[in-house]
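Residue-level structural notes
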Amino acid sequence: MKKFVKLLTFILCLTTTAVSAKPKTNSVNTEALENINTSLERLETAITTLTSQNEENSYNQKQTKSETIMVLKDLQIQINDVKEEQSKLSKELNLQKIEIENLKNITSMLNAKSTSTVDIQEQPKADSAPSDLLIHEKEPVDEKKKDGEKPQKQFTDEETFSMAKKTFDAKEYTDSAIQFAANIKAFPDGKNFHNNLLYLGLSMQNLDNKNGACTAFAKIVNSKEEIEAEVKQRAQKEFDKLNCNPTKEHK
């Protein structure tokens, strides 16, 4: 476009020179010549304007292309963020499924009448966020074991309750529910049996497992045994708060 303008300007210069070089005669129409020059000037102005507009359009196209690329990059980032969030949600869902399965097992164990003699392996501290409480049936002593092998540490009813309580206080309710349930199974005649039962219900309550919580509280409320007044009152209070069905048989 610029070359075209230069060429047109060159032609105008030649035309003007040629016209001015002719001898003046009466036949020359001065007014017509001026009109031609004016028209040529207008044409040159129009061409210059078009050139400017063309350059502006070219610039706008580049800007639009650049903005489009930026938008596409932003969209790709958002897509990656969504995929990452989806992956996290999937992992959380799997963990929730595992927790639900654990709670089902706890409820089943609570409802079952277990007479097994069990012991409990050393529990991690509450601040280490234990993922499970290891319990197993007592195995017969293996006389073939090498002399000097360190025997497995045994915990008392009081110690296991204290460790589970620390887990509960740390708001690790899934872990505390597992530990209190294991304590109930390990010490069915223990001093802290009803304390374990109460805190199992509280753990279930904090996990929004109403059925499990009501089952635990009902075992205390409906018990004919002599239970510490504070424990029974707390169980009754939580039983009422959850609107547990008093007519429903909570075994």
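To start, this report covers the structure provided alongside it. (Residues numbered from 1 in each chain as written. Predicted model: local features only at pLDDT ≥ 70, side-chain atom pairs only at ≥ 80, totals over all residues. Heavy atoms only, no water.)

**Some words on the pattern of salt bridges**
In this structure the tally under the stated criterion is three salt bridges. A salt bridge links K165 to D169, with the shortest nitrogen-to-oxygen separation between them at 3.1 Å. Placement of both K165 and D169 in helix α3 (residues 157-169) is noted, with a separation of four residues, approximately one turn of the helix. Classification of K165 as partly exposed rests on a relative accessible area of 23%. (Salt bridge = Lys/Arg side-chain N within 4 Å of Asp/Glu carboxyl O. Helix = DSSP H or I, 4+ residues; strand = E, 2+ residues; numbered from the N terminus. Buried < 20%, exposed > 50% of the residue type's maximum accessible area, 1.4 Å probe, protein only.)

**Topic: the environment of D157**
By the secondary structure assignment, D157 is in helix α3. When its relative accessible area of 11% is taken as the criterion, D157 is described as buried. Within the structure, D157 has its side chain in polar contact with the backbone nitrogen of N192 (distance 2.7 Å). (Polar contact = N/O pair within 3.5 Å; in protein donor to acceptor, adjacent residues only side chain to side chain.)

**Overview of the side chain of N192**
Among the secondary structure elements, N192 is positioned in the loop between α4 (173-186) and α5 (193-206). According to the relative accessible area criterion, N192 is buried, its value standing at 3%. Those residues in contact with N192 that lie beyond four places of it in its chain are D157, E158 and F161. (Contact = heavy atoms within 4.5 Å.)

**Thoughts on the packing of aromatic side chains**
All told, the structure shown has five aromatic pairs when counted by the stated rule. On the numbers, 5.9 Å between centres and 65° between planes, the contact of F161 with Y199 is edge-to-face. On the criterion of sequence distance, the pair formed by F161 in helix α3 and Y199 in helix α5 is long-range, its members being 38 residues apart. On the numbers, 5.1 Å between centres and 80° between planes, the contact of F168 with Y199 is edge-to-face. On the criterion of sequence distance, the pair formed by F168 in helix α3 and Y199 in helix α5 is long-range, its members being 31 residues apart. For Y199, a relative accessible area of 16% puts it in the buried group. An aromatic cluster of three or more residues is present, and its members are F161, F168, Y173, F180 and Y199. (Phe/Tyr/Trp six-rings, centres within 6.5 Å; stacked < 30°, edge-to-face > 60°.)

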